[in-house]
Amino acid sequence: MEKHIFAKNYVSPQRTAVSFPSLRFYSGLAGIFWRAGKVAKAGEYSGERWAADSLLVGRLIESMGTRIVIEGVENLDFDGPCVFEANHMSTLETLFLPCIIQPRRDVTFVVKRSLLSYPCLGPVLAAREPIALGRSNPREDLKIVMDEGQRILGEGRSIIIFTQGTRRTGVEPADFNTLGVKLARKAGVPVVPIALKTDTWGEGSLIKDMGRIDPRLPVHVRFGAPVEIQGAGREEHAAIVDFIKTSFDKWVAADGKA
């Protein structure tokens, strides 16, 4: 894969939406998952392969007629690890963010432990050594994030954390926890906010991860400037959430849905 495939801000070329986008997308995604899972199970799933497969997912959703808009990539050009803090709308961001970030710095996620049991996807995530949480004991989850997070950041790897906790269709400041800020403060690294709008991949009624694909809704990814955490980090947390909400509200006004 080309290094820094998204070296600059990016907007997809204009395309016509295909017929039966959900069927076509999930058929293509199954192939990507199957090949990636096979490599991961063999213990050969590298960061470079992860970024390449992530790009395939991006190109696949793009081929359905979905426009992808990536902004603020210049804010990723600094040395050292960081905590990426983002809102969480759909499965798409988990699959697509690596192709933007991984070529610049080694990165992993804070994820639900149950995801590691998924066929194909589970071995891929496990190969990237994520911080896996059970979500049944908040105090235990906090300790795991703080302990494992400091270790990972100390090794020079970055961490993506969705501080809304679970997928939500909107952005409300009260939904965001301060876990990302607390971890960054403890580890002495900055927080890079990521605003996302990925509702082109809807939530399913029977299978949550297999909702309708709506190519009319663009995918938006916007990176903010790194935020150094001072003191308790309350003002920084508020600024991070405001960046995400302001970006999101602008996209909803322009594109609809959500």
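Heads up: the structure comes first, above all this text.
Residues numbered from 1 in each chain as written. Predicted model: local features only at pLDDT ≥ 70, side-chain atom pairs only at ≥ 80, totals over all residues. Heavy atoms only, no water.

A. Representation of the overall build of the protein chain in the model. Each helix and strand counted, the protein chain has seven helices and eight strands in total. Its C-alpha atoms give the protein chain a radius of gyration of 17 Å, within 12% of the compact-globule value 18 Å for 258 residues. Taken along its principal axes, the extent of the C-alpha atoms in the protein chain is 55 × 45 × 35 Å. Put simply, the protein chain has 258 residues, and 53% of those count as buried. The contacts of the protein chain with a sequence gap of at least 6 include a subset with a gap of at least 24, amounting to 77%. As presented, the protein chain carries roughly 11900 Å² of accessible surface, and 54% of it is formed by carbon and sulfur atoms. Each charge class in the protein chain was averaged separately, 34 positive and 30 negative side chains, and the resulting centres sit 4 Å apart. (Helix = DSSP H or I, 4+ residues; strand = E, 2+ residues; numbered from the N terminus. Rg over C-alpha atoms; globule rule 2.2 N^0.38 Å. Buried < 20%, exposed > 50% of the residue type's maximum accessible area, 1.4 Å probe, protein only. Contact = heavy atoms within 4.5 Å. Areas by Shrake-Rupley, 256 points an atom, 1.4 Å probe, with all protein chains shown as cover. Lys, Arg positive; Asp, Glu negative; His and termini not counted. Charge placed at Lys NZ, Arg CZ, Asp CG, Glu CD.)

B. Spatial organisation of the pattern of salt bridges. Counted by the stated rule, this structure contains 15 salt bridges. In this structure, Arg104 and Asp77 form a salt bridge, with 3.7 Å as the shortest nitrogen-oxygen distance. Of this pair, Arg104 sits in the loop between α3 (91-101) and β4 (107-112) while Asp77 sits in the loop between β2 (68-71) and β3 (83-86), and the two are 27 residues apart along the sequence. Asp77 sits in the exposed class, given a relative accessible area of 56%. Here Arg151 makes a salt bridge to Glu155, at a shortest N to O gap of 3.1 Å. (Salt bridge = Lys/Arg side-chain N within 4 Å of Asp/Glu carboxyl O.)

C. Just the side chain of Arg222, in detail. In this fold, Arg222 is placed in strand β8 (residues 219-223). Residue class for Arg222 comes out buried when judged on its relative accessible area of 14%. Looking at Arg222, its side chain comes within polar contact range of the side chain of Glu71, at 2.9 Å. At a separation of 3.0 Å, a polar atom in the side chain of Arg222 contacts the side chain of Ser247. (Polar contact = N/O pair within 3.5 Å; in protein donor to acceptor, adjacent residues only side chain to side chain.)

D. Structural detail: the packing of helix α2 (residues 47-63) against α3. Taken N-terminus to C-terminus, the directions of α2 and α3 make an angle of 120°; their axes are 7 Å apart at the nearest point. Judged on the interaxial angle alone, α3 and α2 are oblique. Read as a crossing pair, α2 and α3 show a hand that is left-handed. Together, Trp50, Ala51, Ser54, Leu55, Val57 and Gly58 of α2 and Leu92, Leu95, Phe96, Leu97, Pro98 and Cys99 of α3 make up the contact between the two elements. Within the contact of α2 with α3, the residues separate by chemical class into ten nonpolar, two polar and no charged. (Axes fitted to C-alpha atoms, helices over the stretch in contact; angles between N-to-C directions. Parallel < 35°, antiparallel > 145°, perpendicular 65-115°, else oblique. Left-handed = near helix turned anticlockwise from the far one by under 90°. Nonpolar A, V, L, I, M, F, W, Y, C, P; charged D, E, K, R; others polar.)

E. View of helix α7 (residues 234-255). Over its 22 residues, α7 extends 32 Å from the first C-alpha to the last, a length consistent with the 32 Å expected when each residue adds 1.5 Å. Of the residues making up α7, those classed as buried are Glu236, His237, Ile240, Val241, Ile244, Ser247, Phe248 and Trp251. Looking down the long axis of α7, one finds its buried residues gathered within 130° of arc, a one-sided arrangement. Along α7, the residues that are exposed and aim more than 90 degrees away from the buried face are Arg234, Glu235, Lys250, Ala253 and Ala254. Along its buried surface, α7 packs onto β2, β3, α6 (179-187), β7 (191-197) and β8. Phi for Gly256, located one or two positions after α7, is positive at around 85°. (Expected span 1.5 Å × (residues − 1). Arc of directions from axis to C-beta.)

F. Representation of the pairing of β3 within the structure. The side-chain alternation of β3 yields two buried faces, one formed by Val83 and Glu85 and the other by Phe84 and Ala86. In terms of strand pairing, β3 meets strand β6 (residues 158-162) through four bridges, oriented parallel. Bridge pairing in β6 places Ala86 opposite Phe162. Where β3 meets β7, four bridges bridge the pair, whose relative direction is parallel. Bridge assignment links Phe84 to a residue of β7, and that residue is Val192. (Pairing = 2+ DSSP bridges.)

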